[in-house]
Amino acid sequence: MVEPQVSLKIRQGFILVFVLLVALPILFYSIGKAYYASLVDATEKTLEAQLYSLISEVDFTEHGIIMPSTILAPELNRLNSDTYAMIYRDEEPIWHSESAVNVDFVPQQIETKAGAADFRRVEYKNTVYWQLSLTVILNNIDQSEQARFILVKRNDALLRLMDGFKQTLVEWMFVMGIAITILMAIGFIWSARPLQRLDKEIKAIESGDIQEIKGLYPIELQTIKADLNLLLESQQRQKERYRASLSDLAHALKTPLAVLKSSPLANDADAQEQLDRINVMIEHQLKRAATGASDTWKKQTPIKPVIDSILNAMAKVYRDKDIIFDCIVSDKDYFLGDQTDLMELLGNLIDNACKACRSQVTVQVVQSKTLCIGISDDGPGVPEDKRESLLKRGTRLDTYQSGHGVGMAIVSDLVTSYHGTLTITEADKLGGAQFILEFNYHDKK
């Protein structure tokens, strides 16, 4: 299964979206829950302090419990307060604070041992309260009595504090989101700079400006840098060995060919044709092996000068046919390979188009992520059942006097060596044959 190619920017964007839409909301929720729990805990401690303060103010006499008109806890003296205090003897209320006047609330009677406090969340008439109960034994010299002290705080008070906290938290989360976005953008740019420098050096190698990668890179890229330089060094040594061996081979073949061409055997037309064919094939294969078709790193070769040169030559060779050449190519279009190989590819195809055409040949180049070169003519075209065989070595569909039937096979071999495709179709506008070369550079850049 092929892993989808996702750019680093998109991956960083996914992480940022996850942080902003998932991590920060989870953090917001967690902080809110923690803050609410701390409010509940603080409420328990506050009620407990008020409870003990209340107990300290109780005056127990033979006539019962007497409380001062004003108690120490200010919340219990204020009407419409959110905190209430009550004292019960068994199930009977015997006292309540000023804040509990006109309050419709009946606390839960929780049976607890004397001296044991009980704090819990209670609900009465769809309103939530926090209730702290403590049973104490009040006594004097003559008697003792058990009473239950109850302090209650409305949950609304906590929710109001919670709403204010959430508003502040939202503002800070917004600021944090902006800060995280900026920091991640800066971090991405900072992290991507070594990759950009490495890409520039690789492009400089492709263009032939430098021979090895020399920049300083982080530890994670040092191994890649060393491996690439080792590959370049190995490829350069291999090219030198090829050149030396091929030079020796060229010299070794020249003498036998010269002897054969000067011998009486060369007077025969068929023999002379075969000798010329051998000479052309040797020249081509030596040139191809020694140049870019075997290179690991491809140079960017401008296409327009090559096409202009070929068309100028064809106009002279086929001046009797008075061919109209229509060329559509940009100065920015380039071929990732050796100029000699490009000349070989286009030269063979344009030459065949000139041979087959009646009066018009069109060359069109379109380049985006894919380089597409189309060469069409207004000749008789290539029958559909003959198109595949045309690419086989030695096959000819024409009756021209020149050529040895290897041109299309050479083109096919070169296209394959550059991982491209060659398609033969019918030209839409001209009606003759159309040869389409395609090279996908998306995976290489």
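Residues numbered from 1 in each chain as written. Predicted model: local features only at pLDDT ≥ 70, side-chain atom pairs only at ≥ 80, totals over all residues. Heavy atoms only, no water.

Here we come to the nonpolar core. Inside soluble globular proteins, nonpolar side chains tend to come together where they are buried. Counting residues in hydrophobic clusters, the biggest one holds 40 residues, and the most contacted among them are Ile303, Phe335, Leu346, Ile350, Phe435 and Phe439. Elements that contribute at least two residues to this core include exactly α6 (303–317), β10 (334–336), α7 (339–356), β11 (360–367), β12 (370–377), α9 (407–417), β13 (421–426) and β14 (433–440). Looking at which element gives the most residues to this core, the answer is α7, with seven residues. Ranked by size, the runner-up nonpolar core spans 20 residues in total, among them Met67, Ile71, Trp95 and Phe149. (Core = buried A, V, L, I, M, F, W, Y, C linked by side-chain atoms within 4.5 Å. Buried < 20%, exposed > 50% of the residue type's maximum accessible area, 1.4 Å probe, protein only. Helix = DSSP H or I, 4+ residues; strand = E, 2+ residues; numbered from the N terminus.)

Further remarks concern unusual backbone geometry. A positive phi angle, close to 65°, is found at Asn126, a residue other than glycine. Structurally, the position occupied by Asn126 is in the loop between β5 (117–124) and β6 (127–139). By relative accessible area, Asn126 is classed as exposed at 72%.

Under the feature "transmembrane region" (unreviewed entry), the UniProt entry names residues 12–31 and 169–190. Helix makes up 100% of residues 12–31 and strand 0%, and the two end C-alpha atoms of the span are 26 Å apart. For the annotated span residues 169–190, helix accounts for 100% and strand for 0% of the residues, and the straight-line distance between the end C-alpha atoms is 30 Å. (UniProt positions renumbered as here; feature names shortened; annotations may be inferred.)

The next subject is the packing of aromatic side chains. Throughout the structure, instances matching the rule amount to six aromatic pairs. A ring pair is formed by Phe105 and Tyr124, whose centres lie 5.7 Å apart and whose planes are at 80°; its orientation type is edge-to-face. Taken as a pair, Phe105 in the loop between β4 (92–96) and β5 and Tyr124 in strand β5 lie far apart in primary sequence, 19 residues in all. Overall, the relative accessible area of 8% leaves Phe105 in the buried class. (Phe/Tyr/Trp six-rings, centres within 6.5 Å; stacked < 30°, edge-to-face > 60°.)

For Ser376, the position within the fold is in strand β12. Among residues more than four places away in sequence, those in contact with Ser376 are Gln360, Val361, Thr362, Ala427, Leu430, Ala433 and Gln434. (Contact = heavy atoms within 4.5 Å.)

A separate point is the pairing of β12. For a regular strand, side-chain orientation follows a simple rule: the groups alternate between the two sheet faces. β12 sits mainly inside the fold: six of its eight residues count as buried. Pairing geometry for β11 and β12, over seven bridges, is antiparallel. Bridging from a neighbouring strand, Gln367 pairs with Leu371 of β12. Turn length for the β11-β12 hairpin, with the two strands adjacent in sequence and antiparallel, is two residues. Sheet topology places β12 next to β14; seven bridges connect them, and they run antiparallel. Looking across to β14, one finds that Ser376 is bridged to Gln434. (Pairing = 2+ DSSP bridges.)

Moving on, we get to the side chain of Ser133. Looking at the element boundaries, Ser133 is found in strand β6. Look at Ser133 and you get buried, because its relative accessible area is 0%. Engagement of the side chain of Ser133 in a polar contact is seen with the side chain of Gln131, the distance being 3.1 Å. Apart from the residues within four sequence positions on either side, Ser133 is in contact with Ala116, Ala117, Asp118, Phe149 and Ile150. (Polar contact = N/O pair within 3.5 Å; in protein donor to acceptor, adjacent residues only side chain to side chain.)

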